[in-house]
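Commentary on secondary and tertiary structure
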Amino acid sequence: MKIVATCRTLNEAANVARFVAGYGSFCDDVVIVDGWSEDDTRALARKAGAEVLLFQEKVQCAAGGVRNPHGRHINVCIRAAWTM
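A short tour of the structure in this document, coming up.

Definitions and cut-offs
Residues numbered from 1 in each chain as written. Predicted model: local features only at pLDDT ≥ 70, side-chain atom pairs only at ≥ 80, totals over all residues. Heavy atoms only, no water. Helix = DSSP H or I, 4+ residues; strand = E, 2+ residues; numbered from the N terminus. Rg over C-alpha atoms; globule rule 2.2 N^0.38 Å. Contact = heavy atoms within 4.5 Å. Areas by Shrake-Rupley, 256 points an atom, 1.4 Å probe, with all protein chains shown as cover. Salt bridge = Lys/Arg side-chain N within 4 Å of Asp/Glu carboxyl O. Buried < 20%, exposed > 50% of the residue type's maximum accessible area, 1.4 Å probe, protein only. Pairing = 2+ DSSP bridges. Axes fitted to C-alpha atoms, helices over the stretch in contact; angles between N-to-C directions.

Focus on the overall build of the protein chain
Helix and strand counts for the protein chain stand at three helices and five strands. The linear arrangement of helices and strands in the protein chain, starting from the amino end, is β-α-β-α-β-β-β-α. Relative to the 2.2 N^0.38 estimate, which gives 12 Å for 84 residues, the radius of gyration of the protein chain is 13 Å and therefore close to what a compact globule would have. Its C-alpha atoms give the protein chain principal-axis dimensions of about 45 × 25 × 15 Å. Across the protein chain, contacts joining residues at least 24 apart in sequence account for 54% of those joining residues at least 6 apart. When the accessible area of the protein chain is evaluated, it comes to approximately 5,400 Å², of which 54% is carbon and sulfur surface.

Here we look at the pattern of salt bridges
This structure, assessed with the given rule, holds two salt bridges. The closest approach of N and O atoms between Arg42 and Asp34, which form a salt bridge, is 2.6 Å. Residue Asp34 is classed as buried on the basis of its relative accessible area, which comes to 0%.

With respect to the environment of Ala81
Within the secondary structure, Ala81 sits in helix α3 (residues 70-83). Ala81 gets classed as partly exposed once you look at its relative accessible area, which sits at 23%. Separated by 37 residues in the primary sequence, Ala81 and Leu44 have C-alpha atoms spaced 20 Å apart. Not counting the four nearest positions on each side in its chain, Ala81 is found in contact with Val4 and Thr6.

Regarding the sheet that holds strand β1 (residues 4-9)
The strand order across the open sheet built from three strands is β1-β2-β3, with neighbouring strands paired in parallel fashion. Looking at which strands have only one partner, the edges of the open sheet turn out to be β1 and β3 (51-54). Taken pair by pair, the neighbouring strands of this sheet meet at an average axis angle of 20°, ignoring direction. As defined by bridge partners, strand β2 (residues 29-34) adjoins β3 across four bridges and the pair is classed as parallel.

Right, dumping it as structure tokens:
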């Protein structure tokens, strides 16, 4: 059996390397599904050894700005782990 850790992220540059290192110590793979971070989250995750996917969907908020639909973002994490 293969163990895969997944995490959805958004602007987590301060935490992502520690997450990858921690879970990478006992998981076979670590997958980060990023929701369009505006910092170095994706680059730092790759550098730490994670596979990084970019969540493609954004939704316009009524109050302005954009957000990621949480359920769909989580489903991408699950599918990524399933296919590893």
